[in-house]
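Results of the structural survey
Residues per chain, in single letters:
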Amino acid sequence: MMIKFTEAENNKQFISISNFDIPTEELISILTKEKPNIIDGICRIDEGEILLTLDNVTYGFSLNELRRIINNYTPAIVYCFCVDLNLESQRAH
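What comes next is a walk through the structure. (Residues numbered from 1 in each chain as written. Predicted model: local features only at pLDDT ≥ 70, side-chain atom pairs only at ≥ 80, totals over all residues. Heavy atoms only, no water.)

1. A look at the packing of helix α1 (residues 24–34) against helix α2 (residues 63–71)
This is how it is decided: The axes are straight lines fitted to the C-alpha atoms, using for helices just the contacting stretch, and the angles between their N-to-C directions are given from 0 to 180°. Numbered from the N terminus, helices here are DSSP runs of H or I no shorter than four residues, and strands are runs of E no shorter than two. When an angle is under 35 degrees it counts as roughly parallel; over 145 it counts as roughly antiparallel; between 65 and 115 it counts as roughly perpendicular; any other value is oblique. Crossings are assigned a handedness: left-handed for a near helix turned anticlockwise from the far helix by less than a right angle, right-handed for a clockwise turn. The contact criterion used is simple: two residues touch if any of their non-hydrogen atoms lie within 4.5 Å. Residues are sorted three ways: Asp, Glu, Lys and Arg are charged, Ala, Val, Leu, Ile, Met, Phe, Trp, Tyr, Cys and Pro are nonpolar, and all the rest, Gly among them, are polar.
α2 packs onto α1 with a crossing angle of 125° between their chain directions and a minimal axis gap of 10 Å. Considered as vectors, α1 and α2 are oriented oblique to each other. In terms of crossing hand, the pair formed by α1 and α2 is right-handed. Counted together, L27, L31 and E34 of α1 and L66, I69 and I70 of α2 form the full contact between these two elements. In the contact of α1 with α2, the residues fall into 5 nonpolar, no polar and 1 charged.

As structure tokens, then:
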């Protein structure tokens, strides 16, 4: 299940990590060992997705580097997006 957004999250930017084949807690453990400051950006988690905020967090690595780290352990979909609740396709509730 993908994380849904509310009006409070409208116009906020995120990195989504989803469709991975290992338990969420295990992937978070791997990420925090590889890049300890990533813990500062984890804002929402569910069984199928990890969201990292892009608000006021300096990660010190690129999106491609994050993809390479994750793909060393599990296939996953990793991308950036902005919440726009005006779009019908947005994940909202």
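2. What to know about the environment of I17
Turning to its location among the elements, I17 is positioned in strand β1 (residues 13–18). Taking the C-alpha atoms as reference points, I17 and K35, separated by 18 residues in sequence, lie 15 Å from one another. Apart from the residues lying within four places of it in its own chain, the contact partners of I17 are L27, L31, G48, E49, I50, L52, L66, I70, A76, I77 and V78.

3. As for the nonpolar core
One broad trend across soluble globular proteins is that nonpolar side chains are buried collectively. Stated formally: Buried Ala, Val, Leu, Ile, Met, Phe, Trp, Tyr and Cys residues that are joined via side-chain atoms within 4.5 Å together make up what is termed a nonpolar core. With a 1.4 Å probe rolled over the protein chains alone, any residue whose accessible area is under 20% of its type maximum counts as buried; one over 50% counts as exposed, and the rest are partly exposed.
If you look at the biggest cluster of nonpolar residues, it comprises 19 residues, and the most contacted ones within it are I17, L27, L31, I50, L52 and L66. Put simply, the parts of the chain that give this core at least two residues each are β1, α1, β3 (49–53) and α2. For this core, the leading source of residues is α1, giving 4 residues. Grouped together as the second largest cluster of nonpolar side chains are 6 residues, I3, F5, F14 and L51 included.

4. Focus: the sheet that holds β3
Here is the rule we go by: In this scheme, strands are said to pair when DSSP sees at least two bridges between them.
Read across the sheet, 4 strands follow the order β2-β3-β1-β4 without closing on themselves; strand pairing throughout is antiparallel. The open sheet has two edge strands, β2 (42–46) and β4 (77–82), and neither has a second partner. In this sheet, adjacent strand axes meet at a mean angle of 20° when their direction is disregarded. Of the pairings in the sheet, the one linking β1 to β3 comprises 5 bridges and is antiparallel in character. Residue pairing for β3: S18 is matched across the bridge by E49. Lying over the sheet, α1 contacts β1, β2 and β3, oriented at roughly 155° with respect to β2. Each of β1, β3 and β4 touches α2; the most contacted strand, β4, lies at about 150° to it.

5. Topic: the pairing of β1
Burial of β1 is extensive: 5 of the 6 residues sit out of reach of the surface. In the sheet, β1 pairs with β4 via 6 bridges, with the strands oriented antiparallel. Residue pairing across strands places I17 opposite V78, the latter belonging to β4.

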